[in-house]
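# Residue-level structure breakdown
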Amino acid sequence: MSTSTLAERVLSPNELDRLLRAPKRAIALRNAAIVALYGSHVRPGAQRHLRVEHAVALCAGEQLELGPSGSDRTVLLGARARAALRAYLEHGRPLLAKTERPELLLSPGGRPLKACYMGRAVQRAFERAGIPYAGHVRGLLSRTLAELDPVSPRPSSRRVPAAPAAPAVPVVPPRESEKREQKRATMKAFIAAVKKAARGCKDCGAHAAESFSELTFDHLPGHEKRFNLASAAQRSLEAVKAEIKKCELVCVPCHRAREKARGR
Ligand SMILES: [Zn+2]
């Protein structure tokens, strides 16, 4: 094969599918996510700094500004790359995370994955998919994703204004409900990560780690409460982040005590 042929080469749709759709094993899912990011112009050095919330935003179809200045590169994933990232977030990373930590890509020991291992992760993904690996596949991956997984504008479901209440019989086409379900799952993962990162109740320290889900967001006085974070799935990630900034995480008894002290 001549050099020019190599430089022009693009993976077949079937090959791309095999690369990005990993079996439900933590490392295979992680490696597929790394391939998806790598082919979307996120270099290993930048992947190392990705956090769970970044992945949630990317999965929601939002674009991400990378680099310390925020202007180095704008990343937006196509549908297949998003699916690979989401599969890792939902089924792979929870198996790797031994403790609460914000980094997205983890080693089998649950530690942040070093940039030097990412090339190996890509190689393993190629091997698993049965595609010959000759090194230097960044160009190959980015050409393939550009052709087979083009980035699309934000899903229309994000523009749907928040409904006052769910209709008794939701009349939505399946695709739309699927998108909503995906968004609900990624938002749930984001909220769980925020609660885990809090390491217990702000007031009494209770409910750390194992039962973090029992923590509740307490809106601090002096901040306008726009919505209850229990309904976060219906909001944009930006809105949810802004709302979380107005809150402290406390356990239910401490929340009750706070409310009582405020005379409610
Ligand atoms: Zn407490």
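Residues numbered from 1 in each chain as written. Predicted model: local features only at pLDDT ≥ 70, side-chain atom pairs only at ≥ 80, totals over all residues.

Time to look at unusual backbone geometry. One non-glycine residue, H41, lies in positive phi territory at about 70 degrees. Among the structural elements, H41 can be located in the loop between α3 (26-39) and α4 (44-47). Judged by local crowding, H41 falls into the partly exposed class, with 17 C-beta atoms found within 10 Å. Phi angles above zero are rare outside glycine, and H136 is one such case at about 50 degrees. Among the secondary structure elements, H136 is positioned in the loop between α7 (118-129) and α8 (138-148). (Helix = DSSP H or I, 4+ residues; strand = E, 2+ residues; numbered from the N terminus. Buried ≥ 20, exposed ≤ 12 C-beta atoms within 10 Å, placed from the backbone.)

Moving on: helix α10 (residues 237-244). Of all the positions in α10, only L237, V240 and E243 are classed as buried. In a view along the axis of α10, the buried residues occupy a sector of 125 degrees, so they form one face of it. Opposite the packed face of α10, turned more than 90 degrees from it, sit the exposed residues E238 and A242. (Arc of directions from axis to C-beta.)

It is worth spelling out the environment of P221 at this point. When you line up the elements, P221 lands in the loop between β3 (216-219) and α10. On the basis of neighbour counts, which here come to 8 C-beta atoms within 10 Å, the residue P221 falls in the exposed class.

Across the eight residues that make up helix α5 (residues 52-59), a large majority, seven, are buried. If you check which residues of α5 are buried, you get V52, H54, A55, V56, A57, L58 and C59. Phi for G61, located one or two positions after α5, is positive at around 85 degrees.

The nonpolar side chains of a soluble globular protein tend to be buried, and buried together. Grouped together as the largest cluster of nonpolar side chains are 54 residues, with contacts concentrated most on A32, V35, A36 and L85. The set of elements that each furnish at least two residues to this core consists of α2 (13-20), α3, α5, α6 (79-96), α7, α8, α9 (174-198) and α10. Beyond its immediate sequence surroundings of up to four residues, L85 is in contact with A33, A36, A55, L58, C59 and L77. Membership of the second largest hydrophobic core comes to seven residues, among which are F217, L249, V250 and C251. (Core = buried A, V, L, I, M, F, W, Y, C linked by C-beta atoms within 7 Å. Contact = placed C-beta atoms within 7 Å.)

Our focus in this paragraph is the packing of α3 against α7. The N-to-C vectors of α3 and α7 enclose an angle of 110 degrees; their axes lie 8 Å apart at closest approach. Here α7 runs roughly perpendicular to α3, going by the angle between their axes. Contacts from A28, R30, N31, A32, I34, V35 and Y38 of α3 reach α7 at M118, A121, V122, R124, A125 and R128. When grouped by side-chain class, the residues that make up the contact of α3 with α7 number nine nonpolar, one polar and three charged. (Axes fitted to C-alpha atoms, helices over the stretch in contact; angles between N-to-C directions. Parallel < 35°, antiparallel > 145°, perpendicular 65-115°, else oblique. Nonpolar A, V, L, I, M, F, W, Y, C, P; charged D, E, K, R; others polar.)

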